[in-house]
Amino acid sequence: MVGERFTKEARVAVMAAVRDAEKVHAGEVGVEFLLLALLDAPVLAGFDLPREELEAAFRDYRRKGGLTKADAEALRGLGIDVDAVIDSVEQSLGAGVLRPGPRRRWFGMPLEPAFKKALENALRESRDLGHNYLGAEHVLLALLQGKGIVAEVLTERGVTYEEIRKRAASARAR
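Residues numbered from 1 in each chain as written. Predicted model: local features only at pLDDT ≥ 70, side-chain atom pairs only at ≥ 80, totals over all residues. Heavy atoms only, no water.

**Focus: the packing of helix 7 (residues 113-128) against helix 8 (residues 136-145)**
Moving on, step 1. As a packed pair, helix 7 and helix 8 sit with axes 8 Å apart at the nearest point and diverge in direction by 120°. The angle between helix 7 and helix 8 falls in the class oblique. In this structure, helix 7 crosses over helix 8, and the sense of that crossing is right-handed. Across the interface between the two elements, A118, N121, A122, E125 and S126 of helix 7 pack against H138, V139, L141, A142, L143 and Q145 of helix 8.
Moving on, step 2. Partitioned by chemical class, the residues of the contact of helix 7 with helix 8 number six nonpolar, four polar and one charged. (Axes fitted to C-alpha atoms, helices over the stretch in contact; angles between N-to-C directions. Helix = DSSP H or I, 4+ residues; strand = E, 2+ residues; numbered from the N terminus. Parallel < 35°, antiparallel > 145°, perpendicular 65-115°, else oblique. Left-handed = near helix turned anticlockwise from the far one by under 90°. Contact = heavy atoms within 4.5 Å. Nonpolar A, V, L, I, M, F, W, Y, C, P; charged D, E, K, R; others polar.)

Below is the structure:
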């Protein structure tokens, strides 16, 4: 079973992500909570990833209903000011109205589909590297595969799939 292959670090990160989502009444456990739970992972050592800055980026992402900066830029190129549209919608219908709704539940919290997909992809990353465990490095690789906010935020701060893959290749089970 996958859960038995998790390192303690990865298992604790998944549980922390759920707890953090519950603490802020997020409504669902998103991949951003998983990244925040992994910030102290050795595989991220040396990267400048201020928690407060990341949390602000994630709040903005949620407010925009899941649109990344790249999405907003593409719309801006078409003459659509996403911030102005969101401000107008929130004035009419209430703050946070564009946040995605509840999904599948896990530990009492709905799971965002991207969260489940990240864990599945982490297992694939572990197998591809020939590892017999699933660690934080594999989860980070999975998070970097996507086109969502976590990959965008990490890439903007110099955390690339290639660099984490290189670090993961030399990692050992903890």
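Now that the structure has been shown, the text picks up again.
**Considering the confidence of the model for the protein chain**
Moving on, step 1. Per-residue pLDDT for the protein chain has a mean of 80; in total, 71% of the residues score no lower than 70.
Moving on, step 2. Mean pLDDT across the elements of the protein chain bottoms out in strand 1 (residues 104-106) (44) and peaks in helix 8 (95). (pLDDT = per-residue confidence, 0-100.)

**Topic: the nonpolar core**
Moving on, step 1. Residues L34, L35, L44, F115, L143 and I164 are the most contacted members of the largest nonpolar core, which totals 47 residues.
Moving on, step 2. Only helix 2 (8-23), helix 3 (31-37), helix 4 (51-63), strand 2 (109-111), helix 7, helix 8, helix 9 (149-156) and helix 10 (161-169) provide two or more residues apiece to this core.
Moving on, step 3. In contact with L143, other than residues within four places in its own chain, are V31, L34, L35, L38, A118, V150 and A151. (Core = buried A, V, L, I, M, F, W, Y, C linked by side-chain atoms within 4.5 Å. Buried < 20%, exposed > 50% of the residue type's maximum accessible area, 1.4 Å probe, protein only.)

**Concerning the side chain of N121**
Moving on, step 1. Tracing the chain through its elements places N121 in helix 7.
Moving on, step 2. When neighbours within four sequence positions are excluded, N121 is seen to be in contact with A142 and Q145.

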